[in-house]
Structure formats: structure tokens, C-alpha cells
Amino acid sequence: MVAAASRIEGNMGEGINREPSFQEEEDEFSGVYSIDVAVRVRPLNSMELADSQLHTVRVMDEKIVVVLDPSKLEGGNEDDYLRAHRSRERRYTFDHVFDETASQQKVYAATTEKLIGGVMEGFNASCFAYGATGAGKTYTMLGNKENPGCMLLTVGELFHRIEDDTSKTYRVYLTYLEVYNENIRDLLNPSTGYLDLREDPVKGICVAGITEFSTTNVGETMELLQRGNLNRTVEPTKKNETSSRSHAVMQIMIEAKEKTADISEQVKIGKLSLIDLAGSERASATDNRGARLVEGANINRSLLALANCINALASDSEAAARAGRNGRRRVRSNFVPYRDSKLTRLLKDSFGGNSRTVMITNVSPAGNQYEETVNTLKYANRAKDIKTKVVQNVVELDAHVLQYQNIIRELRSEHRGQEGEERGRLAV
Ligand SMILES: Nc1ncnc2c1ncn2[C@@H]1O[C@H](COP(=O)(O)OP(=O)(O)OP(=O)(O)O)[C@@H](O)[C@H]1O
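Residue numbers run consecutively from 1 along every chain, following the written order of its sequence. With pLDDT at 70 or above as the cut-off, local features in this predicted model cover only qualifying residues; side-chain atom pairs require 80 or more to be listed or tallied, and sums for whole chains, interfaces and linings still use all residues. The side-chain numbers reported here are obtained from all heavy atoms of the structure, hydrogens and water having been left aside.

S.K.: Please clarify how empty space enclosed by the protein should be interpreted in this entry.
M.R.: Any residue with an atom within 4 Å of a point lines the site, the site being either a cavity, points on a 1 Å grid over the protein atoms alone where a 1.4 Å probe fits but cannot get out, or a pocket, an open set with protein on both sides within 12 Å along at least 5 of 7 lines. Grid points are joined across faces, edges and corners, and a volume is the space filled by probe spheres set on the points. Inspection of every chain in the model, using the stated rule, returns four cavities of 30 Å³ or more. Of the voids in this model, the largest cavity is the one considered here, and its volume is about 80 Å³. Forming the boundary of the largest cavity are Phe 29, Tyr 33, Lys 114, Leu 115, Gly 118, Val 119, Phe 123, Asn 124, Ala 125, Arg 356 and Val 390. Here a strand is any run of E in DSSP of at least two residues, a helix any run of H or I of at least four, and the numbering for each starts at the N terminus. Contributions of two or more residues to the lining of the largest cavity are made by helix H4 (113–120) and strand E7 (124–131). Residues are grouped as follows: Ala, Val, Leu, Ile, Met, Phe, Trp, Tyr, Cys and Pro are nonpolar; Asp, Glu, Lys and Arg are charged; all remaining types, including Gly, are polar. Here the lining of the largest cavity is built from residues that sort into seven nonpolar, two polar and two charged.

This is the structure:
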């Protein structure tokens, strides 16, 4: 089987002169954004060290990543290689590149932290970790007790800022789901079985029947996340002892309302999606059989669908930019095959819609992971070209008042009915 990522074509050294991510409109959060793409290189693990695997990835200026072909390195000095084989190396530029010494805090500060302010102001944002199996996605997104990852650090900071903001009242609730073998399961309430996606004209893509848990502090949120993780589908594979076999999506919804709001005030509703994708993998490299092989095929199917969407969206953005440079208006856009998998339907907003999006690309530096690393970087390089348009989600409070009025009306009529029954009984 060919790894999903291999469908993405990238040129050696492409993107070196890339401008940093930008906002085309003049206001703090709304506007057109390029997807922010970061790369994180994990350290060689104990097995790779015991196996004397070559370290084939170099990071320069926290922006450039260079991958050396291990077949040209065998027996040679890695630094000599750099001088002798400059033309053979693969070199990419990204918004941020973190080497193996980068702390969880550093990765978080450059990626998800900058999404928090917008989400509190009613904007949507997404961060997802992409990479080969065992490359460090779950470590980056979730981490562990000693080194919490982006999900927990983001939630911590979010509640910090909510506490500090005395001008508004906030309501925070969260959902946590997995996409496993093309089925959606609620990780916080797995007894609900498989859930369906639907498109809401106001909320965008929604999972019908998913349980939303209201949360008021970090401790509560961590408990919910831990509970959800116990329900996540994880199996040992040859490449990773605790390989995530599903895509996990945590969504935090934040409703913000001015404390001084009068009856016609507005409610801002922001949504932050934090996504730990399952690892892309080659069946030949993982030696998987039976159920693991079927899972792998489904994982690759959804990642291939994601790659195809990224390709279509990136081509659109390039064509629009070209048309703009030539003073033309581009009218035709590519068909984006979101419907090819549950994952792409679920992430439609994150890529092609109303969301500021950060992609964290995880790679291993080990020589025996060379192909996976290069494929992953090509994929990420393509994603840099995608642009999303971010707008604020505002709901008129009048609509809520109307809802409450309806509820009060129903309760009153129920109460009246009960009173009637009571009177009837007394009269008998
Ligand atoms: N930056 C890092 N520093 C230290 N250890 C790391 C780092 N990244 C990953 N690891 C370790 O490497 C192992 C594999 O990482 P992880 O489980 O995060 O991979 P993954 O990409 O989520 O894999 P899969 O797709 O199979 O679930 C874990 O033991 C993890 O703790």
C-alpha cells in the first residue's frame, strides 16, 4: 500500500522564499489567513538509538528543515554529507520548525496559544497534528502529566484569560470524539454508538447527538479529556507501542456576552478544534495484519481524502493569487472532495471555511523513517498555500430571549394544566 501522503507532490527546496502567514484585512482577527504550518522533529527514541539509526534531519533558524538521504550517508560523516551533497538534500521552509530540544511550552506558544484570543471573540480556529505513526502527534497534542501538550496548555490559558476578563460572562462547553474505521464515536459518552454528521446553517458542520459537557475550570476539563482518552482506540503496532488508531477531535465552544448587555446585545460564539490525527503509515513498514491492516487502510483512506482536499484548496488559492496579480477576477474554483471521508467532512471548516488553522507536522529524524519524513513534509509544504477566510460568529441575544420566552410559555401552560387537574381532583 502506498502511504496517503505520497500523493502530494512537492519540489525540492520549494517554498524557501515563502512570506510568513498573513492577514489580508485590517482588523485584529477577521480576514484571510494562510494556514500556519509548523514542523516538529522528535528525538531519536531508545530503539532507534540502540539500532544506531542515523539522525537525518537538520533544523536551521527555526524556519528551515533539511532532510538527508540516509542511503548517501551510510558510513559517512553527516556533516561531510552536507557539504558534498547539497543538491541531493531536501529542504523546506515553514512558519516554525522545532528541533528535538523544543519544549511543549515552546511549541504551544508558537501554535495554539495565538488562536485563543480570536476564539474568545467569537472566531473559529483549528489546530491539527499530522505525521507518520510514532512521529510524536499525541505527545504534541496531549503530552503526559509531566509535559502537558497543546490541548491542556490551551485549555489552561483559556480559563486564565476568562477569569481575568471581568467585562464578559463566558459559557464554555466541550465535545471529544474519535473517527475510527470511518465511524464517529463520542469519547465522552461512547454508549451513544455511531454518530452522524449534519450541516447546520448557523453552526456549520455538527455531529448529531454528541454530548456537550459544560466546564468551568481546567481541572474539570482535564478530567473530561482523561476520561475520553481511556475510550480512545489505541493499539500497539511495530512502530509505536501506543499507536492511536483513530483521529481524535476535541472541540471547545465558547459563548461570550458583555456583562452590561441590554436586551438587544450580542453573543459571540467561538469554536476551537484540536485534532490528533491517526498516523499515516505504509503497510509494508508496519508489518500490520488482520484488524490492524484494515484500520491502516481506513486511516490511509481518510488521510488520502485529506491530501486531495488540501491539493484542491491549495491550487485554488494559488490560482486566485495569480489572477489577482494579473488584475483578473478568478471565478471558477476546484471541486474539493470533502465527502470522500468522514474526517474531511468533519474538518471542512478547518480547511475550506471559516477557521484560522494551524497544522503541526511531526517527523522522526531516524534514517529508517526517511520516506515517511519526506512524504510528510511534502504534504505540509502543500498545505502552506491554503487560505481560509475567518469571520466572527455573532448571535443576536433577541433570538435567545425569544427561545427563553418560548420555554417560559411552555412551562406556564404546563403549570396551568397541572393546576387545572389539581382543581378538578379537589372538586370531586
Ligand atoms: N518531542 C518529543 N520528546 C520526547 N518524546 C517524544 C516526543 N515526541 C514523541 N515522543 C515519544 O515518542 C513516542 C511516540 O509518540 P506519539 O505516540 O506521540 O506518536 P504518534 O505520532 O501519536 O503515533 P501514532 O500515530 O502511532 O499514534 C511516545 O513514547 C512519545 O512519548
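Structure's up, so let's keep going.
S.K.: Looking at this model, I keep getting lost on helix H6 (residues 150–164). Mind explaining?
M.R.: Each full turn of the α-helix corresponds to 3.6 residues, which orients residues three or four apart in the same direction. Between the first and last C-alpha of H6 there are 21 Å, a value that for 15 residues agrees with the 21 Å anticipated at 1.5 Å per step. The complete set of buried residues in H6 reads Cys 150, Met 151, Leu 152, Leu 153, Thr 154, Val 155, Gly 156, Leu 158, Phe 159 and Ile 162. The span you would expect from a helix comes to 1.5 Å times its residue count less one. Here the term buried applies to any residue with accessible area under 20% of the maximum for its type, exposed to any over 50%, and partly exposed to those in between, with areas from a 1.4 Å probe on protein chains only.

S.K.: Is there a simple way to think about the pattern of salt bridges in this case?
M.R.: Should the charged atoms of two oppositely charged side chains come close, the side chains can pair. One speaks of a salt bridge when a side-chain nitrogen belonging to Lys or Arg is within 4 Å of a carboxyl oxygen belonging to Asp or Glu. Applying the stated criterion across every chain yields a total of twelve salt bridges. Note that Glu 255 and Arg 171 form a salt bridge whose closest N and O atoms lie 3.6 Å from each other. Of this pair, Glu 255 sits in strand E15 (residues 247–258) while Arg 171 sits in strand E8 (residues 168–180), and the two are 84 residues apart along the sequence. Where salt bridges share partners, they join Glu 121, Asp 165, Lys 168 and Lys 268 into one cluster.

S.K.: What is the right way to look at the environment of Asn 189 in this model?
M.R.: Structurally, Asn 189 is set in the loop between strand E9 (183–186) and strand E10 (194–200). Exposure remark for Asn 189: the relative accessible area of 23% places this residue in the partly exposed category. With twelve residues separating them along the chain, Asn 189 and Leu 177 place their C-alpha atoms 9.0 Å apart. Within the structure, Asn 189 has its side chain in polar contact with the side chain of Thr 211 (distance 3.1 Å). Here a polar contact means two N or O atoms within 3.5 Å. Within protein one must be a hydrogen donor candidate and the other an acceptor candidate, and residues neighboring in sequence count only if both atoms are side-chain atoms.

S.K.: Would you explain unusual backbone geometry in this entry?
M.R.: Non-glycine residue Glu 62 carries a positive phi angle of around 55 degrees. Along the chain, the position of Glu 62 falls in the loop between strand E3 (57–60) and strand E4 (64–67). Positive phi is not limited to glycine here, since Glu 182 has a value of about 65 degrees. Along the polypeptide, Glu 182 turns up in the loop between E8 and E9.

S.K.: Quick question: what am I supposed to make of the UniProt feature "binding site: ATP" (unreviewed entry) in the protein chain here?
M.R.: UniProt tags Gly 131, Ala 132, Thr 133, Gly 134, Ala 135, Gly 136, Lys 137 and Thr 138 as "binding site: ATP" (unreviewed entry). On the secondary structure map, Gly 134 appears in the loop between E7 and helix H5 (137–141). Within the secondary structure, Thr 138 is located in helix H5. Residues within four places of Thr 138 in sequence aside, it is in contact with Gly 143, Arg 232, Ser 244 and Asp 276. UniProt positions are given in the numbering used here, feature names are shortened, and annotations may be inferred rather than shown by experiment. Whether two residues touch is decided by their heavy atoms; if any such pair falls within 4.5 Å, the residues are in contact.

S.K.: Hey, could you run me through the site of the ligand in this one?
M.R.: Among the 15 residues in the neighbourhood of the ligand, the closest are listed as Thr 133, Lys 137, Tyr 139, Ser 243 and Ser 244. One nitrogen or oxygen atom from the side chain of Thr 133 is found 2.5 Å from an oxygen atom belonging to the ligand. At a separation of 2.8 Å, an oxygen atom of the ligand approaches a polar backbone atom of Tyr 139. Note on areas: these come from Shrake-Rupley sampling with a 1.4 Å probe, and a residue is covered only by the protein chains present in the view. Its free accessible area being 630 Å², the ligand has 77% of it covered by the protein chains. Here the shell around the ligand gets three residues from one element, more than from any other, and that element is H5. Residues of the shell around the ligand, tallied by class, amount to four nonpolar, eight polar and three charged. Nearness of a residue to a molecule or strand requires only that one of the residue's heavy atoms be within 4 Å of it.

S.K.: Could you clarify how one ought to interpret the nonpolar core in this entry?
M.R.: A general feature of soluble globular proteins is that nonpolar side chains tend to end up buried together. We call a set of buried Ala, Val, Leu, Ile, Met, Phe, Trp, Tyr and Cys residues a nonpolar core when their side-chain atoms join them within 4.5 Å. Formed by 46 residues in total, the largest nonpolar core has its most connected members in Phe 94, Leu 306, Phe 351 and Met 359. Ignoring any residue separated from it by four or fewer positions in sequence, one finds Met 359 in contact with Ile 35, Asp 36, Val 37, Ala 38, Phe 128, Tyr 130, Tyr 379, Ala 380 and Ala 383.

S.K.: Got a minute to help me understand the packing of aromatic side chains in this structure?
M.R.: Two aromatic rings are characterised by how far apart their centres lie and by the angle between their planes. For Phe, Tyr and Trp, where Trp contributes only its six-membered ring, two rings pair if their centres lie within 6.5 Å, and the inter-plane angle classes them as stacked under 30 degrees, edge-to-face over 60, or tilted in between. In total, this model carries two aromatic pairs according to the counting rule given. Ring centres of Tyr 92 and Phe 94 lie 6.3 Å apart, and the angle between their planes is 35 degrees; on these two criteria the pair is classed as tilted. Residues Tyr 92 and Phe 94 agree in their burial class; the two are buried. For the ring pair Tyr 130 and Tyr 379, a centre distance of 4.0 Å and an interplane angle of 5 degrees mean the geometry is stacked. A residue pair is termed long-range when its members are at least 10 positions apart, and Tyr 130 in strand E7 and Tyr 379 in helix H12 (residues 370–383) qualify at 249 residues. Each member of the pair, Tyr 130 as well as Tyr 379, carries the same accessibility label: buried.

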